[in-house]
Every structure is written in structure tokens, then in C-alpha cells.
Amino acid sequence: MALKLADYKTDVHNDWCPGCGDFGIVNALQMALAEMGIERDKATIFSGIGCSGKTSHFINTYGVHTLHGRVLTFAQGGKLANPEMTVVAVGGDGDGLGIGAGHFVAAGRRNVDMTYIIFDNGVYGLTKGQASPTLKLGEKTKSLPSPNTNYNVNPIGLAVASGFTFVARGYSYDVRHLKDLIIKAVHHKGLSFLDVLQPCPTYNDINTRDWYAGVDLAEESMERHARIYKLEDTHFDYSVHYDDETEVNEKISQAMIKSLEWGNKIPIGIFYQNEIISEYSTRLTDKIPNYLENPPSKQKISENGLPTTDVSSILDSLRV
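From a predicted model like this one, the values you see are computed outputs, not experimental measurements.

Colleague: So what's going on with the overall build of the chain? Which residues, and what values?
Modeller: Within the chain, the regular secondary structure consists of 12 helices and 12 strands. For the chain, whose C-alpha radius of gyration is 21 Å, the value lies close to the compact-globule estimate of 20 Å for 320 residues. When the backbone C-alpha atoms are referred to their principal axes, the chain occupies close to 75 × 55 × 50 Å. Per-residue burial for the chain yields a buried fraction of 46% across its 320 residues. In the chain, of all internal contacts separated by at least 6 residues, the share reaching a separation of at least 24 is 69%. When the accessible area of the chain is evaluated, it comes to approximately 16,000 Å², of which 54% is carbon and sulfur surface. Between the averaged position of the 30 positive side-chain charges in the chain and that of its 38 negative side-chain charges there is a distance of 4 Å.

As C-alpha cells, this is what we get:
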């Protein structure tokens, strides 16, 4: 039986603030799963801690609600244990780029075939609006006693530099475009990263829906235009087509330059894609030839309540 959008929704109560960008991201993810026709028992949503952490409760697939900053470690482990599973990890900008920044960089080195989505609103919404790693230096949101004293992290630039092989940005209020980006990220063979800009109507009174729409620009110049624009409308070529170091460096460089655009022009869409680099399961298969046929999820680890692995020789070697 073909699954519909409603099949990916749950009845769990949602108490996000009205107008929160999280709603758009979850809707886009549900729409993407439905359009791809992924069976619910073939997908797992891993979530971290923060407002976005409840995402795994709102999508009717397998869900794992993990620890602060550790969602990537759980998600990578789940994918490596069961390579047939579609794995999507989600978390906030504080969760993934603050306490989880080390895991973010390390994940890029592995290129596990999964997708990581960051809900990026510039604040720690769950804990009353402290500045997150993506809030710009000197900005003062309504909950801060003084302007932010830290320089911001560039999520797109960091992902490209760390080795993610699919790097994109979406906007939570453009749900259909975001849905299409999620589908492309999931279909990508390798580690995908999607930074999703989203207003926090409760604590971030700078990067609001009207701000992204450019309402304030009309007051300044009488030439209002939305700050958000789509890279695909500019014929931006993000793909690495050949196993050539020169082309790779050129595509990385142009992605890094585009990632620095902010202020009156903010690009969304795909910044970089490279499917020539081997994914992690291929690297494991080079060392363990039967890995894909016999991954950890299919291995028998106990019988009659006892482990099937005999470690007595190891214990004997350690005996004093």
C-alpha cells in the first residue's frame, strides 16, 4: 500500500511556539519521506536536545531521542549497524555547532551515507534565548543583556571544510523548496548536511520572518526585495563532475565564497556536492568484504541469554 503524508505524522502533542520555523522543517521532512515512498520501518530519525529535539516524536518512523551534542554519533552508529536504513539526524545550531562541534567535524572525515539537518535560529530557544554559535558578533536579541561577544560559526563553510560531500541551505518558511532539498540530500551517496534558517518568534527579534522577507529594506531604500534567493536561479554549478583535484578545489572555493554572503542577500540551495569520494560503507567493505551482507544488525549476538562471542582468550591474556 502506498504511504501518504498523513502516515508520517503522529498524534504526539506539539507545544512549539506559534510561528516557530520548526513546524516548517518537520512538515518538509514528512513531505519528503512521503514523496520518496520510504517505508516507515526503513527510516530512523535521530534527534538531539533543544526545541528541535522533539522532531523524532512527531514523525511516524523509528525515532531515537539522544543526548546534547551527540546526535551525529548515535546516527552514524545506527547507519553503520544497519546500512539499509534511511537515517536522518536533526538538531539545533547550539546542539550541533556548540557542544557537538567536534563530532560535526569528525563526521565529515567519514562520509557515512546519511543526512544531518540543523535547525538554525541563532539562539538557544529551549533555555530562554542565549546566543547560539550562529548568532553574529555584536547582535543583541531581546533576551540578551548585552550584545553577543562571540564571533559566529559559518555552518556551510565548516561543513565544506570538514569533508561533507553534500552541503545545502534551506529556509523553513519555504517548505516545498526545503522538501526538495531534503529529498536530494537523502538520495545523495555520502554524508549530507542541510542548514535550515528559521525564525524564532519568541527570542530572536532580529532574524524574523519580515527580516528574511526584506520588509526593512523598503523603509531604507524604497526597493524592497527578499533577502533569501535561490542558487538554482543563478545557474550555480555545485557538482564535482570529475575526479580532478583542480575541479574539486574550485568547487570548494566557490562554495566557501557563497557561504559568506549575508545581510541583504542570503543564498539558499545546494552549495556543494561530490559523489566521487567513497562513502564509509565502501571503505569498510575494503576491510571487511562481507560487511554489507552481514552488518552488525543482522549478526546473532546471543543465544539462550548468553553471548555468542567467546572472549575467554582475551580475558586469560589480561589475567595477572
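Colleague: Lay out the nonpolar core with the relevant residues and their values.
Modeller: Counting residues in each nonpolar core, the largest one holds 31 residues, and the members touching the most others are Leu29, Val88, Val90, Ile117, Leu178, Ile182 and Leu194. Where this core is concerned, the elements lending two or more residues are helix 1 (22-36), strand 1 (43-47), strand 3 (86-92), strand 4 (114-120), strand 7 (166-171), helix 7 (175-187) and strand 8 (191-197). No other element matches helix 1, which puts seven residues into this core. If we ignore the near neighbours within four places in the chain, the residues touching Ile182 are Ala28, Leu29, Ala32, Ile117 and Leu194.

Colleague: Pulling in residues and values, what's your account of the packing of helix 5 (residues 101-110) against helix 6 (residues 155-162)?
Modeller: At a minimum axis distance of 8 Å, the contact between helix 5 and helix 6 shows a crossing angle of 40°. By the angle class used here, helix 5 and helix 6 are oblique. Together, Phe104, Val105, Gly108 and Arg109 of helix 5 and Pro155, Leu158, Ala159 and Ser162 of helix 6 make up the contact between the two elements. The residue makeup of the contact of helix 5 with helix 6, split by class, is five nonpolar, two polar and one charged.

Colleague: Can you lay out the sheet that holds strand 7 for me, pointing to particular residues and giving the numbers?
Modeller: Across the sheet, which stays open at both edges, the eight strands sit in the order 2-1-3-4-8-7-10-9 with mixed pairing between neighbours. Looking at strand neighbours, the two that pair on one side only are strand 2 (62-65) and strand 9 (228-230), the edges of this open sheet. Going across the sheet, the axis of each strand differs from the next one's by a mean of 20°, ignoring polarity. Judged from the five bridges that link them, strand 1 and strand 3 form a sheet pairing that is parallel. Bridge pairing in strand 3 places Phe46 opposite Ala89. Here helix 10 (residues 245-259) sits on the sheet in contact with strand 7, strand 9 and strand 10 (266-273), set at roughly 160° to strand 10.

Colleague: A description of the pattern of salt bridges should follow, citing residues and the corresponding values.
Modeller: Overall, the coordinates contain 11 salt bridges when judged by the stated rule. Among the ionic pairs, Glu35 bridges to Lys179, the shortest N-O distance being 2.8 Å. You can see Glu35 sitting in helix 1 and its partner Lys179 sitting in helix 7, a full 144 residues away along the chain. Connected through salt bridges with shared partners, the residues Glu35, Lys179 and Asp180 form a single ionic network.

Colleague: I'd like a description of the side chain of Thr61, backed by residues and values.
Modeller: Relative to the elements of secondary structure, Thr61 occurs in the loop between helix 2 (55-58) and strand 2. According to the relative accessible area criterion, Thr61 is buried, its value standing at 13%. Excluding residues that lie within four positions of it along the chain, Thr61 makes contacts with Tyr8, Leu33, Arg40, Ala43, Thr44 and Ile45.

Colleague: Quick rundown of empty space enclosed by the protein? Include the residues and the values.
Modeller: Tallied over the entire structure, the rule returns one cavity of 30 Å³ or more. What the largest cavity holds in volume is close to 30 Å³. Taken together, Gly69, Arg70, Val71, Leu72, Asp95, Gly96, Gly100, His103, Phe104 and Tyr116 form the lining of the largest cavity. Tallied by class, residues from the lining of the largest cavity come to four nonpolar, four polar and two charged.

Colleague: Please provide a residue-by-residue account of the layout of surface pockets, values included.
Modeller: Each pocket or cavity is described by its volume, and for the largest pocket that value is around 320 Å³. Taken together, 21 residues line the largest pocket, and the ones lying closest to its centre are Thr134, Lys136, Asn152, Val153 and Trp262. Tallied by class, the residues present in the lining of the largest pocket amount to eight nonpolar, seven polar and six charged. Size it by volume and the second largest pocket reaches roughly 270 Å³. Lining of the second largest pocket is provided by 19 residues; of these, Trp16, Cys17, Cys51, Gly125 and Leu126 occupy positions nearest its centre. Broken down by class, the residue content of the lining of the second largest pocket amounts to nine nonpolar, six polar and four charged.

Reading guide: rules and limits
Residues numbered from 1 in each chain as written. Predicted model: local features only at pLDDT ≥ 70, side-chain atom pairs only at ≥ 80, totals over all residues. Heavy atoms only, no water. Helix = DSSP H or I, 4+ residues; strand = E, 2+ residues; numbered from the N terminus. Rg over C-alpha atoms; globule rule 2.2 N^0.38 Å. Buried < 20%, exposed > 50% of the residue type's maximum accessible area, 1.4 Å probe, protein only. Contact = heavy atoms within 4.5 Å. Areas by Shrake-Rupley, 256 points an atom, 1.4 Å probe, with all protein chains shown as cover. Lys, Arg positive; Asp, Glu negative; His and termini not counted. Charge placed at Lys NZ, Arg CZ, Asp CG, Glu CD. Core = buried A, V, L, I, M, F, W, Y, C linked by side-chain atoms within 4.5 Å. Axes fitted to C-alpha atoms, helices over the stretch in contact; angles between N-to-C directions. Parallel < 35°, antiparallel > 145°, perpendicular 65-115°, else oblique. Nonpolar A, V, L, I, M, F, W, Y, C, P; charged D, E, K, R; others polar. Pairing = 2+ DSSP bridges. Salt bridge = Lys/Arg side-chain N within 4 Å of Asp/Glu carboxyl O. 1 Å grid on protein atoms, 1.4 Å probe; cavity = no way out; pocket = protein on both sides within 12 Å on 5 of 7 lines; lining within 4 Å. Points joined across faces, edges and corners; volume = space filled by probe spheres on them.

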